[in-house]
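Okay, here's what each chain looks like letter by letter:
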Amino acid sequence: MPIRTQLLDDRAIGRALARMASEIVERCGGTESLVLVGIQRRGVELAARLQRLIERAEGSRVPVGKLDITLYRDDLQTVGPRPVVGETSLPDLDGRAVVIVDDVLYTGRTVRAALDECADFGRPRRILLCVLVDRGGRELPIQADIIGSRAATVPGDRVDVFVAELDGRDAVELVRGEPK
Amino acid sequence: MTGAALGKDLTGLEYLSPDQIRLILDTAEPFKEVSERPIKKVPALRGKTIVNLFFEASTRTRISFEFAEKRLSADTVNVAAQGSSVSKGETLVDTAKNLEAMRIDMVVIRHGSSGAAQFLGQRIRSNVINAGDGKHEHPTQGLLDLLTLRDRFGRIAGLKVAIVGDVLHSRVARSNIWGLTKLGAEVAVCGPASLMPRNVHELGVTIIPRIEDAIQWADALNILRLQLERMQGGFIPSLREYNRVFGVTTERLARAPKELVILHPGPMNRGVEIDSDVADGPHSVILPQVTNGVAVRMAVLYLLAGGSPDWAGAAGKGEDH
């Protein structure tokens, strides 16, 4: 039987996001040239929340974009095409400090694809990576700059992120021992 | 989603389920946006080699496929029948087997014989996409017409679509009839009796002999190109006569109870099957059809390139972050 453990509840997620929002502004030296880019799907919701938190603290509304990396994946041959490719809509990235926002950082392959895709839309001044959960297990030399929480996991584990906008509740859960 | 995968080839809409047709249309949506990007290219088909094998003249379809292929980063080669070994008498299968020996992944074929795409698909390992075979089907045209109608009306089910003109010789008509009826639209055909296939009602369509009545009935008209070479075949007395009896004109459309959406697969014979005012009018979606053609072809290429037919099961999982 797979075991499901809660890593973060709604209040812990709220605190993590508040800290991440202020870290983003701090790392980028203000909100001047800041752009948040959420990776489909839950990264999009998290980016929107960070936007609101930054607005509350700094009084300015930073632009937010959405990125679907499906067409930049490197595994079309092994897993086949994704049936539904999400929306990509990005503000101007040229010369901006772009913060890529995703729910979970694992192998790093999604981020690799996101970096390639961003490069096709413009030339940001710098790109930062911001994730709610870093679960380790990288397969590429990629690291996050801003992290909500770290989770110790083993291969085969799954980290589920639930966001109220899509799932009706906020939580991060670890699922261990799921049959392959 | 299971069961919606497309399989190896796309030879006609007759062989697709409603779910498979919807999958292609849904997949085409995000591809529209790719063509609006500053760099109109995504790496999804990087390393794939695609041969566009055109045994019949084509401008729009070939260019549309080529744009779709290039925007997905595939490598493409165009082979036209003229100037190739085909004109020296090489058979279709020999041509394709030779191409396959050069390790290609997909063939887009247009051919004058009905069934050519299927014939080829059964004999080579590469994916085969039908870009028009004789009087049989032109599935990507059917799909782009469906996408354009869905954009305009928000749905296909319940729509009344009249296909006007030379239905007998039209693969576009046949693909439209299959696609529209599978997605729940009502389809009527309208044109000279000499250009109506026998037993067309067996495809689930109504025959409306007069264009005035078709205009009263329909939500959208798909006006077929009058293939001028049919004149020699004695199917119609003259172009002027055809225009007088079946031409879609502003005057005729003015009597419609509602604004009709106008489709035409191109190339148009202005002043024959369609008047210029209608072609360039506010309800014409002829250019959106062309734009959607690239998106639909990207979707088909992408879905077929995925290969393994059991991918649908894996799709929900692989969130590898």
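Keep in mind the model is a prediction, meaning the values are calculated, not measured. (Residues numbered from 1 in each chain as written. Chains lettered and ligands numbered in written order. Predicted model: local features only at pLDDT ≥ 70, side-chain atom pairs only at ≥ 80, totals over all residues.)

Draft legend 1. Structural detail: the overall build of chain B. Looking only at helices and strands, one finds 12 helices and nine strands in chain B. Relative to the globule expectation of 20 Å for 321 residues, the C-alpha radius of gyration of chain B, 20 Å, shows essentially globular dimensions. C-alpha atoms of chain B, sized along the principal axes, occupy 55 × 50 × 40 Å. Pairs at least 24 residues apart make up 76% of the contacts formed inside chain B by residues separated by at least 6 positions. (Helix = DSSP H or I, 4+ residues; strand = E, 2+ residues; numbered from the N terminus. Rg over C-alpha atoms; globule rule 2.2 N^0.38 Å. Contact = placed C-beta atoms within 7 Å.)

Draft legend 2. Spatial organisation of the sheet that holds strand β8 (residues 220-223) of chain B. Residue and element names in this part refer to chain B. The parallel open sheet is built from five strands, whose spatial order is β7-β6-β5-β8-β9. Each end of this open sheet is capped by a strand with a single partner; those strands are β7 (206-207) and β9 (261-263). Where β8 and β9 come together, three bridges link them in parallel fashion. Bridge pairing links A220 to V261 in β9. Sheet strands touched by helix α6 (residues 171-182): β5 (160-164), β6 (186-190) and β8. Its angle to β6, the strand with the most contacts, is close to 155°. (Pairing = 2+ DSSP bridges. Axes fitted to C-alpha atoms, helices over the stretch in contact; angles between N-to-C directions.)

Draft legend 3. Quick look at helix α5 (residues 139-153) of chain B. All names here are of chain B. Given a rise of 1.5 Å per residue, 15 residues ought to cover 21 Å, and the 21 Å separating the end C-alpha atoms of α5 matches this to within 8%. Counting buried positions along α5 yields 11 of 15 residues, so the element is predominantly enclosed. Within α5 the residues assigned to the buried category are P139, T140, Q141, G142, L143, L144, D145, L146, L147, T148 and L149. Where α5 terminates, the next one or two residues include G154, which has phi positive at roughly 80°. (Expected span 1.5 Å × (residues − 1). Buried ≥ 20, exposed ≤ 12 C-beta atoms within 10 Å, placed from the backbone.)

Draft legend 4. Structural context of the packing of helix α1 (residues 18-34) of chain B against helix α11 (residues 286-305) of chain B. Residues and elements named next belong to chain B. Put simply, α1 and α11 touch, their axes get as near as 8 Å, and they point 115° apart. For the pair α1 and α11, the crossing hand works out as right-handed. Contact residues: I24, T27, A28, F31 and K32 in α1; A295, V296, M298, A299, V300, Y302 and L303 in α11. By residue class, the composition of the contact of α1 with α11 is 10 nonpolar, one polar and one charged. (Left-handed = near helix turned anticlockwise from the far one by under 90°. Nonpolar A, V, L, I, M, F, W, Y, C, P; charged D, E, K, R; others polar.)

Draft legend 5. A look at the pairing of strand β1 (residues 49-54) of chain B. All names here are of chain B. Of all six residues making up β1, five are buried, and the element is well covered by its neighbours. In the sheet, β1 pairs with strand β2 (residues 75-80) via six bridges, with the strands oriented parallel. Directly across from I50, in β2, lies its bridge partner T76. Here five bridges tie β1 to strand β3 (residues 106-111), and the two strands are oriented parallel to one another. When the sheet's bridge partners are listed, I50 is paired in β3 with M106.

Draft legend 6. Structural detail: helix α1 (residues 10-27) of chain A. Residue and element names in this part refer to chain A. For α1, which comprises 18 residues, the first-to-last C-alpha distance of 25 Å matches the rise-based estimate of 26 Å (1.5 Å per residue) to within 8%. Among all positions of α1, only I13, M20, A21, I24 and V25 are buried. Along the axis of α1, the buried residues cluster in a sector spanning 130°; they form a single face. In α1, the exposed positions angled more than 90 degrees off the buried face are occupied by R11 and E26. Buried residues along α1 sit against β1 (3-8), α2 (42-58), β4 (97-105), β5 (126-134), β6 (146-150) and β8 (171-176). (Arc of directions from axis to C-beta.)

Draft legend 7. Local environment of the sheet that holds β1 of chain A. Residue and element names in this part refer to chain A. Taken in spatial order, the three strands of this open sheet run β1-β8-β7, and their pairing is antiparallel. Edge strands, defined here as strands with exactly one partner in the open sheet, are β1 and β7 (158-162). With direction set aside, neighbouring strand axes in the sheet form an average angle of 25°. Pairing analysis gives five bridges linking β7 to β8, with the strands arranged antiparallel. Counted as the bridge partner of F162 is A171 from β8.

Draft legend 8. Summary view of the domain arrangement of chain B. Residue and element names in this part refer to chain B. Splitting chain B by domain gives domain 1 (13-138 + 292-309) and domain 2 (139-289). Put simply, the middle of domain 1 and the middle of domain 2, counted by C-alpha atoms, are 25 Å apart. Of the residues lining the interface, 22 residues belong to domain 1; the matching set on domain 2 comes to 22 residues. Elements represented by at least two residues in the side of domain 1 that touches domain 2 include exactly α1, β4 (127-133) and α11. Grouping the constituent residues of the side of domain 1 that touches domain 2 by class yields nine nonpolar, seven polar and six charged. (Domains from an automatic or database assignment.)

Draft legend 9. Seen up close, the confidence of the model for chain A. Mean pLDDT over chain A: 93, with 95% of residues reaching 70 or higher. For chain A, the element scoring lowest by mean pLDDT is helix α3 (residues 76-79) of chain A, at 66; β5 of chain A scores highest, at 98. (pLDDT = per-residue confidence, 0-100.)

Draft legend 10. Spatial organisation of the environment of D120 of chain A. Among the secondary structure elements, D120 of chain A is positioned in the loop between α4 (109-119) and β5. Sequence separation between D120 of chain A and L34 of chain A is 86 residues; the distance between their C-alpha atoms is 18 Å. Excluding its chain neighbours within four sequence positions, the residues that come into contact with D120 of chain A are R37 and I39 of chain B.

Draft legend 11. Looking closely at the packing of helix α2 (residues 60-71) of chain B against α11 of chain B. All names here are of chain B. Across the interface, α2 lies against α11 with an axial gap of 8 Å and an inter-helix angle of 55°. It follows from the interaxial angle that α2 and α11 lie oblique. Crossing geometry of α2 relative to α11 is assigned as right-handed. On α11, the residues touching R60, S64, F65, F67, A68, E69 and R71 of α2 are V290, G293, V294, R297, M298 and L301. In terms of residue class, the contact of α2 with α11 is made up of seven nonpolar, two polar and four charged. (Parallel < 35°, antiparallel > 145°, perpendicular 65-115°, else oblique.)

Draft legend 12. Just the confidence of the model for chain B, in detail. Residue and element names in this part refer to chain B. For chain B, per-residue confidence averages 90 on the pLDDT scale, and 92% of positions sit at 70 or higher. Low pLDDT (under 50) marks residues 307-318, which in the prediction has 23 contacts with non-local residues, meaning those over four places away or in another chain. The ipTM value of the predicted complex is 0.80, and its pTM value is 0.89.

Draft legend 13. Broad picture of the pairing of β8 of chain A. Sheet topology places β1 of chain A next to β8 of chain A; five bridges connect them, and they run antiparallel. Looking at β8 of chain A, one finds that L8 of chain A is bridged to V172 of chain A.

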